[in-house]
Structures are given as structure tokens and as C-alpha cells.
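Residues per chain, in single letters:
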Amino acid sequence: MKRVTYPIFSHEYFMQKALQLAADAFERGEIPVGALVVSEDKKIIGKGSNQTELLHDITAHAEILAITAASNYLGAKYLRECTLYVTLEPCVMCAGAIAWSQIDRVVFGAFDKKKGFSMQSPPIIHPKKDIVSGVLEYESEYLLKEFFKKLRE
């Protein structure tokens, strides 16, 4: 019998994939945020990067697009037992979508001290949901700072 080995999947592994999506958004002139939804069996079932400029749609955030893609993939509106990886702390709008989609876990990189959901009271995402913050935070922040630095030039 042939032995099959699988790569070790970790929060850093999936956040690295989300950072690649954010870098793609950066190259397109979008705020560099990338997101993906991962199923319980560690399969990427939804991807998104900011497309607000491309689509002329303020709701076209990376998280919303990833949630929509995952829901379409599963043919279901609820994403229980899934994890959302996103390079920037979700805003209030995206936190609402996360709550309504019933995603079990959110893993994000950089904090958004102005518009992030954790700044809101009462909390939008249920307190029993797993929230992991600061995964590849430096890399996520760096990409965002470079983007806004480039805009000011």
C-alpha cells in the first residue's frame, strides 16, 4: 500500500494563501485584502479579494466575495464548520455577513483600529465563535501600508 502524506495545514498556511489574494488586489489598485473560506476537511471552498473599484460596488469586500463563493460551492447559505481567513480584521458589514452565514471560526491578520468589528459594542459576531487574530499580522499590515503609501505619492 502506498503511503500518502499531506502538507501540514495551519493558520499560517491558509493566511499565506489569503495574502496572495491581497497582493493580487494590490496589483489591481484595490485595497489589499484577501479572504478565503476553508471547510472542516481543510479544503478551500471560497476565495475573494477586494473588488470595490472593479465592480463599482462598496459591498464587494474580500470576505463577502469569499462567503458567496463558499455558499455557491456548498449549495447552502450556512457555512457551519468552516473557517474564514482574512488578512484584515473584518468591518461591521462583513462581520454581519459572517454572523448570518454561521461561520464557526474567523482568523485574521492585521487589526483595523478604525473600522474593525472588534471595536463595536455589543459584539456583532457571537462570543462563542472562535476568533484568532494576529496571524501573519506584520505581513498583512505591511501590504496595507505600502498600498496607502503608494496612493499618497
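See the structure above.
Residues numbered from 1 in each chain as written. Predicted model: local features only at pLDDT ≥ 70, side-chain atom pairs only at ≥ 80, totals over all residues. Heavy atoms only, no water.

## Structural notes on the packing of aromatic side chains
Consideration 1: By the definition in use, this model includes seven aromatic pairs.
Consideration 2: On the basis of an interplanar angle of 85° and a centroid distance of 5.1 Å, the ring pair of F108 and F111 is categorised as edge-to-face.
Consideration 3: For F108, a relative accessible area of 2% puts it in the buried group.
Consideration 4: Judged by its relative accessible area of 34%, F111 falls in the partly exposed class.
Consideration 5: Their ring planes at 85° and their centres at 5.1 Å tell us that F147 and F148 sit as a pair that is edge-to-face.
Consideration 6: F148 sits in the partly exposed class, given a relative accessible area of 32%.
Consideration 7: Following the ring pairs from residue to residue traces out a cluster consisting of Y13, F14 and Y85. (Phe/Tyr/Trp six-rings, centres within 6.5 Å; stacked < 30°, edge-to-face > 60°. Buried < 20%, exposed > 50% of the residue type's maximum accessible area, 1.4 Å probe, protein only.)

## Describing the layout of surface pockets
In this approach the atoms are scanned with a rolling probe the size of a water molecule, which exposes any empty space left behind.
Consideration 1: A volume near 740 Å³ is recorded for the largest pocket.
Consideration 2: Lining the largest pocket are 20 residues, and of these I31, L88, D112, L144 and F148 lie nearest its centre.
Consideration 3: Looking at the lining of the largest pocket, the element that brings in the most residues is helix α5 (residues 137-152), giving four residues.
Consideration 4: The residue makeup of the lining of the largest pocket, split by class, is nine nonpolar, three polar and eight charged. (1 Å grid on protein atoms, 1.4 Å probe; cavity = no way out; pocket = protein on both sides within 12 Å on 5 of 7 lines; lining within 4 Å. Points joined across faces, edges and corners; volume = space filled by probe spheres on them. Helix = DSSP H or I, 4+ residues; strand = E, 2+ residues; numbered from the N terminus. Nonpolar A, V, L, I, M, F, W, Y, C, P; charged D, E, K, R; others polar.)

Remember, this is a structural readout, not a statement about activity or role.
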